[in-house]
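# A structural walkthrough
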Amino acid sequence: MSALLRIALLSAWNRRLTLGLTVLAIALAVALLLGVERSRVAARTSFAQSVSGTDLILGARTSPVQLMLYSVFRIGGATHDIGWDSYEAIARHPDVAWSIPLALGDSHRGFPVVGTNAAYFEHFRYGRERKLALAQGRPFAGLFETVLGAEVARRLGYRLGDRITLSHGSGAPNLAEHDDKPFTVVGILAPTGTPVDHSLHVSLEAITAIHLDWQGGAPIPGVRIAAAHVEKFDLRPKTLTAALIGLKQRAAVFKVQRDINRYADEPLLAALPGVALDELWRVVALVEQVLLGISALVVAVGLAGLVAVILASLGERRRELAVLRSVGAGPRHILALLALEGGGVTLAGIGLGLVGLELLAWLAGPLLEARLGLTLALQGVTLAELQRLAAVAATGMAASLLPAALAYRRALGDGLTPRL
Amino acid sequence: MSAALAVRLTDLRFRWQAGAPCCLDIPSLAIAAGERVFIYGASGSGKSTLLGLLAGVHRPEAGYVEILGQDLGQLSGSGRDRFRVDHIGFIFQQFNLIPYLPVLDNVLLPCRFSRRRLAEARRDGKSEQAEARRLLEALGLEGQLLAQPAHRLSVGQQQRVAAARALIGRPELIIADEPTSALDADRQDDFLDLLLEECAAQASPLLFVSHDHRLASHFTRELSLAALNRASLP
């Protein structure tokens, strides 16, 4: 057998260009197959981690998925606000342990601005019950002070003490600027891998203050209230976008949800983050299936290429195989030789694909984590992946039996001198 | 039934497919152990088919093939493969070697597939590599050449490597199928002399098949396939 292995290796080396390209094709296909799955899992983990500590999300009546997307992930915008009085009433509910009010709608160079209060730094949890930590500085205390998410500070190069202005609305630049009321950076949060990294945090009062001389999304003409004078006004917020709610006991979640949904003074919605996420994944599942299907097809193309390459080589190897027959190799040996080659190429492709994927995760992982919050870091091969790889390996070996069987039949028919 | 006979064919008939015309029909052929037999046959006369039958890669439709006292018909497919490598050394017209394998590996191939040939090659207490070198040297090949892949060698050199491979491990029968036809006339004689010398040195009978009648003088017996084979009669 070892003699056969040596022959197989030297023979493969002799055709290293075509076989090498085949290995590469299979490697890319395998990397794609696993990569799609890993990104899917990473996306789900990342989303789930962003809301890990929250029992309920409170907002105006809309779809739970939409409420979760704009309040937690800052994707899309709210169509309605909720009244501050309603929020206070809910926050006083006997089963509610803590709540974090969120006022959204402003931005700074594309990054969302979150108006909130000290509860944010106290109660917000991400990942496995992890609390927000400040990398530098302190939480905001004064009116025009802001705390930046890690990615905002890194990408825009801000440091403590820098002065920045907010824009009205979110998205593209050239929005109306709140340039008369600049904010001072007083704190920068440690990275979390959640949307927090991409947010700027200010007090609720500051949100009210910068909109004092605004109405209907635009500055009131002729009215300018200077930053120095805003303290004279009542800065208590009148409306909110949403609130994150933590309960004293998780078991009460459905009761509180029902109470909120039945709140008489205003139509409110309480969404369970886990349920909303599941709903979101159900929507996305179709796309995922399509992606998975495409990667499976790519694997099939790679393996078909393998069979084609080995089949094409049979013509030129006919003499070689006849010589092996004459020196005692049985048809079984010929079969084994070709199956060995097909199996070897498949396994080499799988190995290379795995190594390539890990290498990619290692090289591009930090970038993906920073930009998208996707954790694609080095990871062991999971059981599900192992099953997929086993399926690829089995298919590859089964497919390479086709040329092997053909060679076997020819070896029997050709005898010692192949008739060409 | 004499074990002294290297080859014995009786009432052999072979056709490629059922219904096809008979390709070989040989009532009888016997070759004794010490002989060097030249079988003459024109191209397409069934020489290679006959060798395939002697090697046990093809099975006769009728009759039986006995090599070194063993009836091939009684062996299984893998049994015939083993018998072939254990007892017969082959040399072919061309494309004898595996092009990407180094010369020494090519010579050692029968030892890889046959314990008997390996044991025989090691008989004098030396390694099979040493025996392969000795044979190659006797055939005029040595030094750097042995580590080269076979395809780097000239055709004449390749044929000598093939001869060394056929001879290693002292098989009891050497079968050569037009081994000289790719060589020019001077080289043909040189090669044949070397081959016959080595066959004699290890007392292996030689069955030499060729369409080239001029070579017949080197052999102890000459046979014509056309005379042996009833099927080729018009």
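Residues numbered from 1 in each chain as written. Chains lettered and ligands numbered in written order. Predicted model: local features only at pLDDT ≥ 70, side-chain atom pairs only at ≥ 80, totals over all residues. Heavy atoms only, no water.

With that settled, consider the overall build of chain B. A count of helices and strands for chain B gives eight helices and nine strands. By the compact-globule yardstick of 17 Å for 234 residues, chain B fits well, its C-alpha radius of gyration being 17 Å. Dimensions along the principal axes, computed over C-alpha positions, put chain B at roughly 50 × 35 × 30 Å. By residue count, 54% of the 234 residues in chain B fall in the buried class. Of all intrachain contacts in chain B linking residues separated by at least 6 positions in sequence, the fraction that spans at least 24 positions is 74%. Carbon together with sulfur atoms contributes 47% to the accessible area of chain B, which is approximately 9700 Å² in total. Separation of charge centres in chain B, based on 26 positive and 27 negative side chains, amounts to 6 Å. (Helix = DSSP H or I, 4+ residues; strand = E, 2+ residues; numbered from the N terminus. Rg over C-alpha atoms; globule rule 2.2 N^0.38 Å. Buried < 20%, exposed > 50% of the residue type's maximum accessible area, 1.4 Å probe, protein only. Contact = heavy atoms within 4.5 Å. Areas by Shrake-Rupley, 256 points an atom, 1.4 Å probe, with all protein chains shown as cover. Lys, Arg positive; Asp, Glu negative; His and termini not counted. Charge placed at Lys NZ, Arg CZ, Asp CG, Glu CD.)

Residue and element names in this part refer to chain A. Side chains Leu268 and Ala270 project from strand 17 (residues 268-271) onto one buried face, and the interleaved Leu269 and Ala271 project onto a second face that is buried too. As defined by bridge partners, strand 1 (residues 56-60) adjoins strand 17 across four bridges and the pair is classed as antiparallel. Paired with Ala60 across the bridge in strand 17 is Leu268. (Pairing = 2+ DSSP bridges.)

In this section: the interface of chain A and chain B. Each side of the interface is counted separately: chain A has 27 residues, and chain B has 25 residues. Carbon and sulfur atoms make up 67% of the surface buried where chain A meets chain B, a total of about 2200 Å² over both sides. Of the charged contacts, one joins Asp105 of chain B and Arg6 of chain A as a salt bridge, the two residues approaching to 2.9 Å between their closest N and O atoms. Inspection of the chain A/chain B interface yields five residue pairs in polar contact (both at pLDDT 80 or more). For the side of chain A that touches chain B, the secondary structure elements donating two or more residues are helix 1 (2-14), helix 9 (273-326), helix 10 (331-372) and helix 11 (383-414) of chain A. Grouping the constituent residues of the side of chain A that touches chain B by class yields 11 nonpolar, nine polar and seven charged. (Buried area = accessible area lost by both parts, 1.4 Å probe. Salt bridge = Lys/Arg side-chain N within 4 Å of Asp/Glu carboxyl O. Polar contact = N/O pair within 3.5 Å; in protein donor to acceptor, adjacent residues only side chain to side chain. Nonpolar A, V, L, I, M, F, W, Y, C, P; charged D, E, K, R; others polar.)

This next bit is on the environment of Ala55 of chain B. Residue and element names in this part refer to chain B. You can see Ala55 is positioned in helix 1 (residues 47-55). With a relative accessible area of 3%, Ala55 lands in the buried category. Ala55 sits 32 residues away from Cys23 along the chain, and the two C-alpha atoms are 17 Å apart.

Much of the literature gives interface size as the accessible area that the parts lose upon coming together. Taken domain by domain, chain A holds domain 1 (2-47 + 284-414) and domain 2 (56-271). Each of domain 1 of chain A and domain 2 of chain A has a C-alpha centre, and these two points are 51 Å apart. (Domains from an automatic or database assignment.)

What follows is about helix 6 (residues 155-167) of chain B. All names here are of chain B. An ideal rise of 1.5 Å per residue puts 18 Å on 13 residues; helix 6 measures up with 19 Å between its terminal C-alpha atoms. All of the buried residues in helix 6 are Gly156, Gln158, Gln159, Arg160, Val161, Ala162, Ala163, Ala164, Arg165, Ala166 and Leu167. Count one or two residues on from helix 6 and you reach Gly169, which has phi positive near 75°. (Expected span 1.5 Å × (residues − 1).)

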